[in-house]
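Residue-level structure breakdown
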Amino acid sequence: MIAQEMVHVYPAVGEIFELTLNGDDFTNDPIEMVRRCGYDGFERWQFEGECVVGTQSRPFMLVGIGDQLNFSEVRKALAEYGPFQEGQWREAFMAAYPEPNGKGPMGVADPSWRGPDGFLYFPYINTGGRPHFNRASTTFLDCWLWLVPA
């Protein structure tokens, strides 16, 4: 069942909810996402992925996949949930659920951002509810939640 009410705290793991994203809104532009996170030199970042175009609504859920040695393992574990979603969906999630659960970070497994250091990054929300980007070359503890299609 899709959650019908506007809830402000993160949905429970496995609960299906719907998000709406206007990909044409400048605030959802991939490089604007980097700028709004406060990164110095945001203009030197590159976006190498697919952008959401127009206004779209999709069903999602949060999943936990346990400890993962690297981002490749994260993507293997998440592959069973269907196609990987564009990182811009982080913005729609934050708009719908501005109050974090305080239990760990929530990521979108889209390593389409290349930082000025040459590394690939993906968007996530930290435990305190702030948006960030994380290197796709890190280890992941079981406290991470991931946004996946439902």
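The following paragraphs examine the structure supplied in this document. Here the structure is a predicted model, which means the values were calculated and not measured. (Residues numbered from 1 in each chain as written. Predicted model: local features only at pLDDT ≥ 70, side-chain atom pairs only at ≥ 80, totals over all residues. Heavy atoms only, no water.)

Digging into the packing of aromatic side chains
Under the defined criterion, the tally for this structure stands at 22 aromatic pairs. Relative to Trp-45, the ring of Tyr-39 has its centre 5.3 Å away and its plane inclined at 55 degrees; by these criteria the two rings are tilted. For Tyr-39, a relative accessible area of 22% corresponds to the partly exposed category. Residue classification places Trp-45 among the buried positions, given a relative accessible area of 7%. Relative to Phe-133, the ring of Trp-113 lies with its centre 5.1 Å away and its plane at 55 degrees, an arrangement referred to as tilted. (Phe/Tyr/Trp six-rings, centres within 6.5 Å; stacked < 30°, edge-to-face > 60°. Buried < 20%, exposed > 50% of the residue type's maximum accessible area, 1.4 Å probe, protein only.)

Some remarks on the pattern of salt bridges
One pass over the structure, following the stated rule, counts seven salt bridges. The salt bridge partner of Arg-36 is Glu-91, with a shortest N-O separation of 2.4 Å. With Arg-36 in helix H1 (residues 30-36) and Glu-91 in helix H3 (residues 89-96), the pair connects residues that are 55 residues apart, well separated along the chain. Classification of Glu-91 as buried rests on a relative accessible area of 10%. Here Arg-135 ties to Asp-117 by a salt bridge, and the two come within 3.1 Å at their closest N and O atoms. Placement of Arg-135 in strand E7 (residues 131-135) and of Asp-117 in the loop between strand E5 (113-114) and strand E6 (120-125) is noted, with a sequence separation of 18 residues between them. Residue class for Asp-117 comes out partly exposed when judged on its relative accessible area of 35%. Salt bridges sharing partners connect three or more residues here, namely Arg-36, Arg-90 and Glu-91. (Salt bridge = Lys/Arg side-chain N within 4 Å of Asp/Glu carboxyl O. Helix = DSSP H or I, 4+ residues; strand = E, 2+ residues; numbered from the N terminus.)

Brief notes about helix H2 (residues 71-78)
Taken together, the buried positions of H2 are Phe-71, Val-74 and Leu-78. Angularly, the buried residues of H2 cover 50 degrees about the axis, an arc narrow enough to put them on a single face. For H2, the elements touching its buried residues are strand E3 (55-63), E6 and strand E8 (145-149). Regarding H2, its N-cap is Asn-70, as a side-chain oxygen of that residue lies 3.1 Å from the backbone nitrogen of Ser-72 further along. (Arc of directions from axis to C-beta. Contact = heavy atoms within 4.5 Å. Polar contact = N/O pair within 3.5 Å; in protein donor to acceptor, adjacent residues only side chain to side chain.)

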